[in-house]
Amino acid sequence: MKITDAKVFVGGPAKNYVTLKIETDQGICGLGDATLNNRETLPAAYLKDYLIPNLIGMDPRNSEDIWQFFYRGAYFRRGPIAMAAFGAIDMALWDIKGKLANMPLYQLFGGKSREGALVYAHATGADLEDLMDSISWYVEQGYKAIRVQCGIPGMPKAGYAVPEKKGDVKNYITDYTGIRPKVEIWDTSRYMRYMPKALTQVRERFGPELKILHDVHHRLTPREAAEFAKAVEPVDLFWLEDPTPADDQDALKFLRHHSTVPVAIGEVFNSIWDCNKLIENELIDFIRVAVTYAGGITHVKRIVDLAALHHVRTGFHGAPSHSPLSMAAQAHLNAWAPNFGIQEYLVLGTPECDALFPSEHRLENGLFYVSDAPGLGVAFDENEAARYSYKPGSHPVVRLEDGTLWNY
Ligand code: KDG
Ligand code: MG
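The rules behind these values
- Residues numbered from 1 in each chain as written.
- Chains lettered and ligands numbered in written order.
- Predicted model: local features only at pLDDT ≥ 70, side-chain atom pairs only at ≥ 80, totals over all residues.
- Heavy atoms only, no water.
- UniProt positions renumbered as here; feature names shortened; annotations may be inferred.
- Helix = DSSP H or I, 4+ residues; strand = E, 2+ residues; numbered from the N terminus.
- Rg over C-alpha atoms; globule rule 2.2 N^0.38 Å.
- Contact = heavy atoms within 4.5 Å.
- Areas by Shrake-Rupley, 256 points an atom, 1.4 Å probe, with all protein chains shown as cover.
- Lys, Arg positive; Asp, Glu negative; His and termini not counted.
- Charge placed at Lys NZ, Arg CZ, Asp CG, Glu CD.
- Expected span 1.5 Å × (residues − 1).
- Buried < 20%, exposed > 50% of the residue type's maximum accessible area, 1.4 Å probe, protein only.
- Pairing = 2+ DSSP bridges.
- Domains from an automatic or database assignment.
- Buried area = accessible area lost by both parts, 1.4 Å probe.
- Salt bridge = Lys/Arg side-chain N within 4 Å of Asp/Glu carboxyl O.
- Donors = N, O, S within 2.8 Å, 3.2 Å for Na, K, Ca; no water.
- Core = buried A, V, L, I, M, F, W, Y, C linked by side-chain atoms within 4.5 Å.
- Axes fitted to C-alpha atoms, helices over the stretch in contact; angles between N-to-C directions.

The protein is annotated in an unreviewed UniProt entry as D-galactonate dehydratase family protein of Neorhizobium lilium. The UniProt entry for the protein carries this comment under Sequence similarities (unreviewed entry): "Belongs to the mandelate racemase/muconate lactonizing enzyme family. GalD subfamily."

And the structure:
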């Protein structure tokens with residue numbers, strides 16, 4: 001069996017999805033997602049200029065050897081751009097493997113460990129009242145787990161992932177249109193004073209059963225993170241996410257010595273070498289890698305297996321930049337993983353997105369049910385894809401009030 005061709009499409013209804021389609025001499029094709037939010041053209045260029053010309057003629061069934069060929073063969077290893085490009089190839093090769101076996105991917109991993117997989121949604125508000133309304137809406141939709149963020153009184157640009165205007169909770173800002181980033185202002189003291197009280201009120205309003213998550217988005221130092229974790233302990237969070245910048249694997253030691261709050265980290269990691277110490281030293285409770293930019297199913301499965309040895313559960317990244325293809329790859333891993341924890345899931349199911357990526361995967365009552373179709377179980381409509389083109393976007397840049405650059 002041979003790979004005969006591969007194409008890359010960049011664009012989509014709401015986000016610039018980078019979709020790879022690999023074709024074979026047996027008429028079976030595989031699909032993968034290489035979307036790297038706000039840097040989409042870069043994995044696409046790596047695929048087009050280097051990886052695809054090398055892929056042509058390879059046997060798609062040898063997905064492990066192909067992964068090693070590109071990873072070891074690159075010499076300059078890792079990094080999100082390369083790992084997103086390898087990830088898309090790997091997903092597409094697994095898709096082909098599943099279609100050849102006529103089985104959904106979870107069967108190739110070891111079958112189902114559960115039916116529905118727990119997901120969490122994003123509630124947010126310009127202020128606490130707004131946030132409470134947003135949470136109520138998700139609770140009414142049947143969600144059992146909700147990430148909560150809200151504006152901080154006195155903070156000029158509100159904070160991470162909160163709307164600019166009250167009531168605009170579905171349009172909270174994490175990305176801007178255009179190449180030049182907008183600047184947001186951050187004030188750690190105001191956040192540290194206000195957010196534990198806000199989280200306490202959310203718990204009081206919604207009772208003990210709701211799983212409450214909160215994302216600090218890398219904004220605190222190790223000492224501040226420990227203080228914050230101690231302060232929110234009575235809230236009984238499902239997790240505290242990215243309390244410190246993720247590059248420092250030792251940063252969480254201090255927090256761990258001072259608090260038992262469950263910690264989740266890893267959406268920016270692109271390999272097992274970014275999180276092996278965190279996992280082996282049991283400094284975290286949830287690993288947040290994504291199949292998209294952590295080298296695809298082959299590499300993420302290795303991370304999941306290492307995590308399982310150390311009581312670390314999965315909580316894969318699922319921001320809106322992930323196309324239904326990588327969300328499907330994660331859904332198959334979620335159905336199988338003995339150490340599954342939760343899946344971040346932001347409703348992708350707009351009519352435009354469903355038309356571009358038809359599938360039988362479904363969300364019901366806060367649980368995600370994986371499709372039984374062979375492979376990833378997602379199709380790709382090239383005629384629909386022709387309607388979309390690349391539109392540049394950027395993350396904000398964060399500064400302190402005196403102008404000092406801070407972590408987004
Ligand atoms: O591209 C950046 C986003 O993916 C990130 O801001 C989302 O933190 C995030 C999350 O938890 O989904
Ligand atoms: Mg996050």
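Next comes the rest of the description.
Undergrad: Hey, could you run me through the overall build of the protein in this one?
TA: Counting secondary structure elements, the protein contains 13 helices and 18 strands. Taken over C-alpha atoms, the radius of gyration comes to 21 Å for the protein, in line with the 22 Å a tight globule of 408 residues would show. Its C-alpha atoms give the protein principal-axis dimensions of about 60 × 45 × 45 Å. Of the contacts formed within the protein by residues at least 6 apart in sequence, a portion of 72% connects residues at least 24 apart. Total accessible area computed for the protein in this model is approximately 16400 Å², and 51% of it derives from carbon and sulfur atoms. Here the protein contributes 42 positively and 51 negatively charged side chains, and the mean placements of these two sets differ by 2 Å.

Undergrad: Quick question: what am I supposed to make of helix α3 (residues 80-101) here?
TA: Think of an α-helix as 3.6 residues a turn; residues three or four steps apart then line up on the same face. Here α3 is 22 residues long and its end C-alpha atoms lie 31 Å apart, about the 32 Å a rise of 1.5 Å per residue gives. Among the 22 residues of α3, 16 are classified as buried, and the element is accordingly described as predominantly covered. A positive phi of about 55 degrees marks N102, the residue just after α3.

Undergrad: I tried to follow the pairing of strand β2 (residues 18-24) on my own but got confused; where do I start?
TA: Walk down a regular strand and you will see the side chains alternate between the two sheet faces. Of all the seven residues making up β2, six are buried; the element is thus mostly covered by neighbouring parts of the structure. Two strands pair when backbone bridges link them, and strand β1 (residues 3-10) and β2 are joined in this way by seven bridges, in the antiparallel orientation. In the sheet register, I3 faces β2, and the bridge partner there is T24.

Undergrad: Looking at this structure, how should I read the domain arrangement of the protein?
TA: Interfaces are often sized by the amount of accessible area the parts lose when they come together. Once the domains are mapped, the protein shows domain 1 (3-107) and domain 2 (109-374). If you average the C-alpha positions of domain 1 and of domain 2, the two centres end up 26 Å apart. Approximately 2900 Å² of surface area, both sides summed, lies buried where domain 1 meets domain 2, with 61% of it carried by carbon and sulfur atoms. The interface formed by domain 1 and domain 2 holds three salt bridges in total.

Undergrad: Can you help me understand the coordination of the magnesium ion (ligand 2) in this one?
TA: A metal bound by six donors in octahedral fashion has ideal angles of 90 or 180 degrees, whereas one bound by four tetrahedral donors has an ideal angle of 109.5 degrees. For the magnesium ion (ligand 2), the protein coordination sphere consists of D215 (OD), E241 (OE) and E267 (OE), at 2.0 to 2.2 Å. The class for E267 is buried, based on a relative accessible area of 10%.

Undergrad: Looking at this model, I keep getting lost on the nonpolar core. Mind explaining?
TA: Inside soluble globular proteins, nonpolar side chains tend to come together where they are buried. Counting residues in each nonpolar core, the largest one holds 98 residues, and the members touching the most others are I135, Y191, F228, I284, I287 and I297. Looking at this core, the element that brings in the most residues is helix α11 (residues 324-336), giving eight residues. Counting residues in hydrophobic clusters, the runner-up holds 28 residues, among them I28, L51, M83 and I89.

Undergrad: Can you walk me through the sheet that holds strand β18 (residues 405-406) in this structure?
TA: Within a beta sheet, neighbouring strands are joined by backbone hydrogen bonds and run either parallel or antiparallel to one another. Spatial strand order, β7-β17-β18: three strands in an open sheet with mixed pairing. Because the sheet does not close on itself, it has two edges, and the strands there are β7 (183-186) and β18. Both β7 and strand β17 (residues 397-400) contribute to a ladder of four bridges, which runs parallel. The residue bridging E184 from the neighbouring strand is V398, located in β17.

Undergrad: What is the right way to read the sheet that holds β2 from this model?
TA: Pairing in this open sheet of three strands is antiparallel, and the strands run β1-β2-β3 from one edge to the other. Looking at strand neighbours, the two that pair on one side only are β1 and β3 (29-33), the edges of this open sheet. Adjacent strand axes in the sheet meet at a mean angle of 15 degrees, parallel and antiparallel pairs treated alike. With five bridges connecting them, β2 and β3 associate as antiparallel partners. The residue of β3 that forms the bridge with K21 is L31. Packing of α3 onto the sheet brings it into contact with β1, β2 and β3, and relative to β3 it is tilted by some 145 degrees.

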